[in-house]
Amino acid sequence: MSQAPTFSAPMSRQRGVTLVFALVTLLALSMAAVALIRAVDTGSTILGNLSFKQDTLLASESASRNAITWLTNNTSAGKLNNDDTANGYLAANIDNLDALDKHGTDNTRTVIDWNGNKCANYTSGSYAQCVTPSQVQNLRNAALNAGTINAQYLIMRLCEKAGDAVKDSINCAKPLVTSTNSSSHDSMDYATTPLPGVPTLAQYFRIIVRAPGGRNSVSYTETLVHF
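So, how was this worked out
- Residues numbered from 1 in each chain as written.
- Predicted model: local features only at pLDDT ≥ 70, side-chain atom pairs only at ≥ 80, totals over all residues.
- Heavy atoms only, no water.
- Disulfide = S-S within 2.5 Å.
- Helix = DSSP H or I, 4+ residues; strand = E, 2+ residues; numbered from the N terminus.
- Buried < 20%, exposed > 50% of the residue type's maximum accessible area, 1.4 Å probe, protein only.
- Contact = heavy atoms within 4.5 Å.
- Phe/Tyr/Trp six-rings, centres within 6.5 Å; stacked < 30°, edge-to-face > 60°.

1. Focus: the state of the cysteines
Here's step 1: Taken as a whole and assessed by the stated rule, the structure comprises 2 disulfides.
Here's step 2: Disulfide partner of Cys 159: Cys 172, at an S-S distance of 2.0 Å. Its S-S torsion of about 115° marks the bond between Cys 159 and Cys 172 as right-handed, since a negative value means left-handed. Separated by 13 residues along the polypeptide, Cys 159 in the loop between strand S5 (150–157) and strand S6 (204–212) and Cys 172 in the loop between S5 and S6 bring together distant segments of the chain.
Here's step 3: For Cys 159, a relative accessible area of 3% puts it in the buried group.
Here's step 4: Its relative accessible area of 15% is what places Cys 172 among the buried residues.
Here's step 5: Along the chain, the cysteines that take part in disulfide bonds pair up as 1-2, 3-4, counted in sequence order.

2. Regarding the environment of Gln 203
Here's step 1: With respect to the helices, strands and loops of the structure, Gln 203 is situated in the loop between S5 and S6.
Here's step 2: Taking the C-alpha atoms as reference points, Gln 203 and Val 225, 22 residues apart in sequence, are found 8.3 Å from one another.
Here's step 3: Those residues within four positions of Gln 203 in sequence are excluded, and the remaining contacts are Arg 157, Cys 159, Ala 165, Cys 172, Ala 173, Lys 174, Val 225, His 226 and Phe 227.

3. Some thoughts on the packing of aromatic side chains
Here's step 1: Tallied over the entire structure, the rule returns 4 aromatic pairs.
Here's step 2: Judged by centre distance (6.3 Å) and plane angle (40°), the ring pair of Tyr 89 and Phe 205 falls under tilted. Residue Tyr 89 is located in strand S1 (residues 89–90), and its partner Phe 205 is located in strand S6; the two are separated by 116 residues in the primary sequence.
Here's step 3: Residue Phe 205 is classed as buried on the basis of its relative accessible area, which comes to 2%.
Here's step 4: With a centroid separation of 6.3 Å and 65° between ring planes, the pair formed by Trp 114 and Tyr 220 is classed as edge-to-face. Linking Trp 114 in the loop between strand S2 (110–112) and strand S3 (129–131) with Tyr 220 in strand S7 (residues 218–226), this pair joins segments that are 106 residues apart in sequence.
Here's step 5: On the accessibility criterion, Trp 114 (6% relative accessible area) is buried.
Here's step 6: Three or more aromatic residues joined by ring pairs form one cluster here, namely Trp 70, Tyr 89 and Phe 205.

The structure is reproduced here in structure tokens:
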């Protein structure tokens, strides 16, 4: 007696569906991995840029300190009454100074030759005066990036013109009250702190600093001091 033949259902369709799901899963994992790598790269780039920016700010602070030291050493004997272009000092304020090149259409402005190319990077006819490199002092600090930060500063006395402010009756920006005596920043008492002295004439000085760094990072700072 013979048995009836048996037939099994084909499995090709089930195997094909499984392969499709596997490919979709593999594609999703690949896209997630690519997105993670890009996120890590972007974060590293941002952190690197912040680091370069911090270096330029440190260089700016160093340049400002150098400028203040120069002013401190030249407050006597009327040395600050006239320009000293070799040390980046101007005895008069420039009203229409465009230190950041923000007003390129104003042909009455004064620009600063930060690049040392006689202001060739500015459009011809877009400015009235170019502050030459002799009026900008280059500073290199070995403690900052092994001396790779090249900070520059320009000092201006906030007066209408050069000369002795008292003898020549020159208008200058100055604090409302100044004193010849100094006091401690930590505490004040009758034993250690002198009484306020006689008010004297003091003048404000404007210090503009530019510090370029890596990855096209650059910092501009401005400091006002008076002596």
